Amino acid sequence: MIEFLNLKAVNQRYVNEIQSAVERVLKSGWYLLGKELEQFERNFADYCGFNHAVGVASGLDALILIIRAYNIGPGDEIIVPSNTYIASVIAVTACQATPVFIEPDPLTHLIDPDKIEEKISERTKAIMPVHLYGQICEMGRIVSLANKYNLKVIDDAAQAHGVMLDSNLEIKNFKNRALAFSFYPSKNLGAMADAGAVVTNDDELVDKLKALRNYGSHKRYFNKYLGANSRMDEMQASILNIKLQHLENDNLSRRDIAEIYLNTIENQCVTLPPSPKNPNHHVWHLFVVTTPERNKLRSYLESQDIQTQIHYPVPPHKQNCYQIYNDISLPIAEKLANEVLSLPLSPVFAKNDAKKIADAINAWN
Ligand SMILES: *Cc1c(COP(=O)(O)O)cnc(C)c1O
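Model, not experiment: these values are computed from the prediction.

**Section: the pairing of strand β3 (residues 98-102)**
Okay, so step 1: Of all 5 residues in β3, 4 are buried, a share of seventy percent or more.
Okay, so step 2: Where strand β2 (residues 77-81) and β3 come together, 5 bridges link them in parallel fashion. Paired with Glu 77 across the strands is Thr 98, a residue of β3.

Here it is in structure tokens:
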């Protein structure tokens, strides 16, 4: 059986380092908001090329706390892609703001910047680009719209650790910008439980986030804001400090697998993801192909002992929990949900297995 993802093998490579890091935390007697987290916040901010990182409990919380820190709430609108993981949308509605869905470019599956401006209203407060599958959105266009209409940019970067955010520093360092990362175990940089972080250059935002994650208080028992309990624990921080050192290499290994698929799969019924113009604009969290016969391709691969996944079978606006949005028509996202199929890809995935999968797809008709 070729597994979709073997997380044990991913982490096994660093098991000794992880053991001694966890032991250090155990022996320290300090489990939350301590030295390990401080170190990780410094390391991750430096790695991303930003001034600050703030560790929180999950990627979803990173998004929610950014929205709250920017004082976006009831009556406000946030532009979101129609084709995304539901967490992007849950973050918006958890703050009682309204998501305004924008259809994706059918080739990249990323938010289509051509369709954003017509949806900007008096109520719009932010644009949330989601760097889906590890590809960077067209940030130049998104930042210039944010500039023109005085909007915040809240990046959902949960799938894009290590992607080149922009070589144009003015775009990268746009002042009203904060990025949310998730360290859910299967992400490119994964912890061993839930964890997340906000990355930004906005000093005031950092100050507020550090309170919001800790019941809204900077000083114990004095609550400036109505906060949450959303802290990254010391063990996860210590593990992430180790895994961060290997992220760059891991992303290169992911690229090698993606290139095998891109260069070897040639079946007219299967559409491959576009190769990025600049290889650093994609960190290949997922390798997603499309075909109108998706369910058939999936069963066929399963019959060949090849596991695949669907990211995602139902777009957020069609989910049962969002009946208020069920009648909205977003045909590109709806079609993608029926056609996408994710092939196995990870930093420990065997090149030989990638070739086998490509051969199996080429033999499918
Ligand atoms: C994983 C993910 C999230 C949420 O992260 P959690 O850490 O699971 O809360 C948000 N957005 C996207 C696009 C994701 O893939």
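**Topic: the environment of Leu 343**
Okay, so step 1: Looking at where Leu 343 falls in the secondary structure, it is placed in strand β9 (residues 340-343).
Okay, so step 2: Residue classification places Leu 343 among the buried positions, given a relative accessible area of 1%.
Okay, so step 3: Setting aside residues no more than four positions away along its own chain, Leu 343 makes contact with Phe 4, Tyr 261, Ile 265, Phe 287, Val 289, Leu 301, Thr 308, Ile 357 and Ile 361.

**Quick word on the sheet that holds strand β5 (residues 152-156)**
Okay, so step 1: The mixed open sheet is built from 7 strands, whose spatial order is β1-β7-β6-β5-β4-β2-β3. Strands at the two margins of the open sheet, each flanked by one partner only, are β1 (52-56) and β3. The mean inter-strand angle of the sheet, taken between neighbouring strand axes irrespective of direction, is 25°.
Okay, so step 2: Bridging between strand β6 (residues 177-182) and strand β7 (residues 196-200) involves 5 bridges; their strand directions are antiparallel. Paired with Phe 181 across the bridge in β7 is Ala 197.

**Observations concerning the packing of helix α4 (residues 59-69) against helix α5 (residues 86-94)**
Okay, so step 1: Following both chains from N to C, one finds α4 and α5 inclined at 35°, their axes separated by 9 Å at the closest point. Like other packed secondary-structure pairs, α4 and α5 cross with a definite hand, here right-handed. When α4 is examined against α5, the residues Leu 60, Leu 63, Ile 64 and Ile 67 are found in contact with a partner set consisting of Ala 87, Ser 88, Ile 90, Ala 91, Val 92 and Ala 94.
Okay, so step 2: Split into classes, the residues belonging to the contact of α4 with α5 amount to 9 nonpolar, 1 polar and no charged.

**Things to note about α5**
Okay, so step 1: Turning to α5, its buried residues are Ile 86, Ala 87, Ser 88, Val 89, Ala 91 and Val 92.
Okay, so step 2: Downstream of α5 by a residue or two, Gln 96 has a phi angle that is positive, lying close to 60°.

**Section: the layout of surface pockets**
Okay, so step 1: Counted as a void, the largest pocket has a volume near 670 Å³.
Okay, so step 2: Lining the largest pocket are 32 residues, and of these Tyr 85, Tyr 184, Ser 186, Lys 187 and Tyr 312 lie nearest its centre.
Okay, so step 3: When residues of the lining of the largest pocket are traced back to their parent elements, those giving at least two are α4, α5 and β6.
Okay, so step 4: Looking at side-chain class alone, the lining of the largest pocket contains 18 nonpolar, 10 polar and 4 charged residues.
Okay, so step 5: Approximately 500 Å³ is the volume attributed to the second largest pocket.
Okay, so step 6: The wall of the second largest pocket is formed by 22 residues, among which Thr 108, Leu 110, Ile 136, Glu 138 and Lys 277 lie closest to the centre.
Okay, so step 7: Grouping the amino acids of the lining of the second largest pocket by side-chain chemistry returns 11 nonpolar, 7 polar and 4 charged.

**Considering the packing of helix α2 (residues 15-28) against helix α9 (residues 234-244)**
Axis angle and axis distance: for two packed helices, these are the angle between their axes and the distance between the axes, and together they describe the pair.
Okay, so step 1: Put simply, α2 and α9 touch, their axes get as near as 9 Å, and they point 150° apart. If you check the angle between α2 and α9, you find them roughly antiparallel. Two packed elements cross with a definite hand, and for α2 against α9 that hand is right-handed. Contacts from Glu 17, Ile 18, Ala 21, Val 22, Arg 24, Val 25 and Leu 26 in α2 reach Glu 234, Met 235, Ser 238, Ile 239 and Ile 242 in α9.

**Thoughts on the site of the ligand**
Okay, so step 1: Around the ligand lies a shell formed by Ser 58, Gly 59, Leu 60, Tyr 85, Ala 87, Val 130, Asp 156, Ala 158, Gln 159, Ser 182 and Lys 187.
Okay, so step 2: A distance of 2.7 Å separates a nitrogen atom of the ligand from a polar side-chain atom of Asp 156.
Okay, so step 3: At 2.6 Å, a side-chain N or O of Ser 182 approaches an oxygen atom of the ligand.
Okay, so step 4: Taking 380 Å² as the accessible area of the ligand by itself, protein coverage stands at 92%.
Okay, so step 5: In terms of residue class, the shell around the ligand is made up of 5 nonpolar, 4 polar and 2 charged.

**Quick word on the environment of Asn 188**
Okay, so step 1: The residue Asn 188 is located in the loop between β6 and β7 in this model.
Okay, so step 2: With 78 residues separating them in the primary sequence, Asn 188 and Leu 110 have C-alpha atoms 19 Å apart.
Okay, so step 3: Discounting chain neighbours no more than four positions away, the residues touching Asn 188 are Gln 159, His 161, Leu 247, Asn 251, Arg 254, Val 283, Trp 284 and His 285.
Okay, so step 4: At 2.9 Å, the side chain of Asn 188 and the side chain of Asn 251 are in polar contact.

**Focus: unusual backbone geometry**
Okay, so step 1: Cis rather than trans, the peptide bond between His 311 and Tyr 312 has omega equal to 10°.
Okay, so step 2: Residue placement: Tyr 312 occurs in the loop between α11 (294-303) and α12 (331-339).
Okay, so step 3: Even without glycine at this site, Gln 96 takes up a positive phi of about 60°.
Okay, so step 4: We note that Trp 284 has phi near 50°; this positive angle belongs to a residue other than glycine.

**A look at the side chain of Ser 230**
Okay, so step 1: Assignment of secondary structure puts Ser 230 in the loop between α8 (203-212) and α9.
Okay, so step 2: With near-sequence residues (within four places) excluded, Ser 230 lies in contact with Gly 55, Val 56, Ala 57, Asp 61, Leu 65 and Arg 213.

Cut-offs applied
Residues numbered from 1 in each chain as written. Predicted model: local features only at pLDDT ≥ 70, side-chain atom pairs only at ≥ 80, totals over all residues. Heavy atoms only, no water. Buried < 20%, exposed > 50% of the residue type's maximum accessible area, 1.4 Å probe, protein only. Helix = DSSP H or I, 4+ residues; strand = E, 2+ residues; numbered from the N terminus. Pairing = 2+ DSSP bridges. Contact = heavy atoms within 4.5 Å. Axes fitted to C-alpha atoms, helices over the stretch in contact; angles between N-to-C directions. Left-handed = near helix turned anticlockwise from the far one by under 90°. Nonpolar A, V, L, I, M, F, W, Y, C, P; charged D, E, K, R; others polar. 1 Å grid on protein atoms, 1.4 Å probe; cavity = no way out; pocket = protein on both sides within 12 Å on 5 of 7 lines; lining within 4 Å. Points joined across faces, edges and corners; volume = space filled by probe spheres on them. Parallel < 35°, antiparallel > 145°, perpendicular 65-115°, else oblique. Near = heavy atom within 4 Å. Polar contact = N/O pair within 3.5 Å; in protein donor to acceptor, adjacent residues only side chain to side chain. Areas by Shrake-Rupley, 256 points an atom, 1.4 Å probe, with all protein chains shown as cover.

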